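Below are the chains, spelled out letter by letter.
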Amino acid sequence: MTISIRPSRPSDFPRTFEIWRSAVVATHDFLTREDFAAIEALVRDQYLPAAEFLIAADENDVALGFMGMSGAQIDSLFVHAEARGAGVGRRLVEHAMSLHPALTVDVNEQNASAAGFYQRMGFETVGRSPVDDAGRPYPLLHLRRG
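Position numbers for residues start from 1 in each chain and track the written sequence from start to end. pLDDT decides what is reported in this predicted model: residues at 70 or higher carry local features, side-chain atom pairs at 80 or more are listed and counted, and totals for whole chains, interfaces and linings draw on all residues regardless. Excluded from the side-chain calculations are hydrogens and water; all other atoms, namely the structure's heavy atoms, are used.

Novice: I'd love a proper account of the pattern of salt bridges, names of residues and values included.
Specialist: Once their charged atoms are close, side chains differing in charge can pair, the charge on each being opposite to the other. Put simply, a salt bridge is a Lys or Arg side-chain nitrogen that is within 4 Å of an Asp or Glu carboxyl oxygen. This structure, assessed with the given rule, holds nine salt bridges. We note a salt bridge from D12 to R6, for which the minimum N-O separation is 2.8 Å. Note on R6: relative accessible area 11%, which makes it buried. For D61, the salt bridge goes to R6, with nearest N and O atoms at 2.7 Å. One end of the pair, D61, is in the loop between β2 (54-57) and β3 (63-70); the other, R6, is in strand β1 (residues 4-7), and 55 residues separate them in sequence. Each residue gets one of three labels from its accessible area relative to the maximum for its type: buried under 20%, exposed over 50%, partly exposed in between, using a 1.4 Å probe on protein chains only. Take D61: its relative accessible area is 32%, and that puts it in the partly exposed class. A helix here means a DSSP run of H or I that spans at least four residues, while a strand means a run of E at least two residues long, and both kinds are numbered starting from the N terminus.

See below:
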């Protein structure tokens with residue numbers, strides 16, 4: 001599969017929400033039903049419509065994953081559940097590495113697949129927070145590469 005990276009477009013919004021939802025359902029089984037619903041509403045109504053992303057698309061320009069960045073910080077990286085293991089996340093991180101030799105990312109400690117992915121990509125744990133950015137009881141690992 002050929003994966004290209006491009007900037008997001010307003011028309012990508014429905015697909016990025018679908019990607020986000022499928023990825024979280026596949027990897028965030030630690031979220032309570034209430035927290036999932038609250039986060040889903042924030043992502044759908046505030047975050048996705050306002051942010052700019054890098055889209056990983058297949059040869060037909062179908063978005064398979066997306067990544068949001070603030071400078072050298074990876075703010076979000078989600079891959080559609082059906083595309084997991086196909087190199088989409090790796091391609092997005094490699095693109096980020098081409099832009100910034102040193103990268104940081106925070107990952108939910110309970111999301112073992114994401115933590116393992118970043119470890120395989122050369123990230124190391126440099127810190128830990130006992131709660132997420134909203135103060136919920138989901139510890140974050142602070143990772144750095146380069």
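Novice: Explain the packing of helix α1 (residues 13-27) against helix α2 (residues 33-50) to me, and be specific about the residues and the numbers.
Specialist: Here, axes are lines fitted to C-alpha atoms. For helices the fit covers the stretch in contact, and angles between N-to-C directions go from 0 to 180 degrees. At their nearest, the axes of α1 and α2 sit 11 Å apart, and the two run at 150° to each other. Viewed along their axes, α1 and α2 adopt a mutual orientation that is roughly antiparallel. For the crossing formed where α1 meets α2, the hand is right-handed. Judged by residue contacts, F13, T16, F17, W20, R21, V24 and V25 of α1 engage F36, I39, E40, V43, R44, L48 and P49 from α2. Classifying every residue of the contact of α1 with α2 gives 10 nonpolar, one polar and three charged. In these notes the angle categories are as follows: under 35 degrees is roughly parallel, over 145 is roughly antiparallel, 65 to 115 is roughly perpendicular, and the rest is oblique. Crossings are sorted by hand: turned counterclockwise from the far helix by less than a right angle, the near helix makes the crossing left-handed, and turned clockwise it makes it right-handed. Should any heavy atoms of two residues lie within 4.5 Å, those residues are considered in contact. Lys, Arg, Asp and Glu make up the charged group, whereas Ala, Val, Leu, Ile, Met, Phe, Trp, Tyr, Cys and Pro make up the nonpolar group; the residues left over, Gly among them, are polar.

Novice: For the sheet that holds β3, give the residues involved together with the corresponding values.
Specialist: Any two strands with at least two DSSP bridges between them are considered paired. Spatially, β1-β2-β3-β4-β5-β7-β6 is the arrangement adopted by the seven strands of the open sheet, whose pairing is mixed. Each edge of the open sheet carries a strand with a single partner, namely β1 and β6 (124-129). Across the sheet, the axes of successive neighbouring strands diverge by a mean angle of 30°, strand direction being ignored.

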